[in-house]
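Here's the letter readout for the chains.
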Amino acid sequence: MKKIVALLVLSFIGSPAFAGKNCDELKSEIAAKLDAKGVAGYTLEIVATEEVKDQNVIGSCEGGTKKITYKKD
């Protein structure tokens, strides 16, 4: 599971093109990839960058002003 999350982090954050993407669109794309890999029982949340504490960030959007966090339920 951690490997899947790590791969998603690298694939989404590693690409500057995703930083300017609409957050809802990016969140849907991440969810689709997780679902395709059989990942279940998770929550994705869009959070303002300054509000991110110890969450697992797996995406950045809207010019880096917001982050998408992953939480295993």
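Calculation notes
- Residues numbered from 1 in each chain as written.
- Predicted model: local features only at pLDDT ≥ 70, side-chain atom pairs only at ≥ 80, totals over all residues.
- Heavy atoms only, no water.
- Core = buried A, V, L, I, M, F, W, Y, C linked by side-chain atoms within 4.5 Å.
- Buried < 20%, exposed > 50% of the residue type's maximum accessible area, 1.4 Å probe, protein only.
- Helix = DSSP H or I, 4+ residues; strand = E, 2+ residues; numbered from the N terminus.
- Contact = heavy atoms within 4.5 Å.
- pLDDT = per-residue confidence, 0-100.

Draft legend 1. Region of the structure containing the nonpolar core. Counting 12 residues, the largest nonpolar core consists of Cys23, Leu26, Ile30, Ala31, Leu34, Val39, Tyr42, Leu44, Ile58, Cys61, Ile68 and Tyr70. Taken together, the elements giving at least two residues each to this core come down to helix H2 (23-36), strand S1 (42-48), strand S2 (56-61) and strand S3 (66-72). Among the elements that make up this core, the one with the highest residue count is H2 (five residues).

Draft legend 2. Here's a closer look at the side chain of Thr69. With respect to the helices and strands, the residue Thr69 is situated in strand S3. Residue classification places Thr69 among the buried residues on the basis of a relative accessible area of 4%. Those residues in contact with Thr69 that lie beyond four places of it in its chain are Thr43, Leu44, Glu45, Val47, Gln55, Asn56 and Val57.

Draft legend 3. Region of the structure containing the confidence of the model for the chain. Averaged over the chain, the pLDDT score is 84; the fraction of residues at 70 or greater is 73%. Per-element mean pLDDT across the chain ranges from 58 in helix H1 (residues 2-13) up to 97 in S1.

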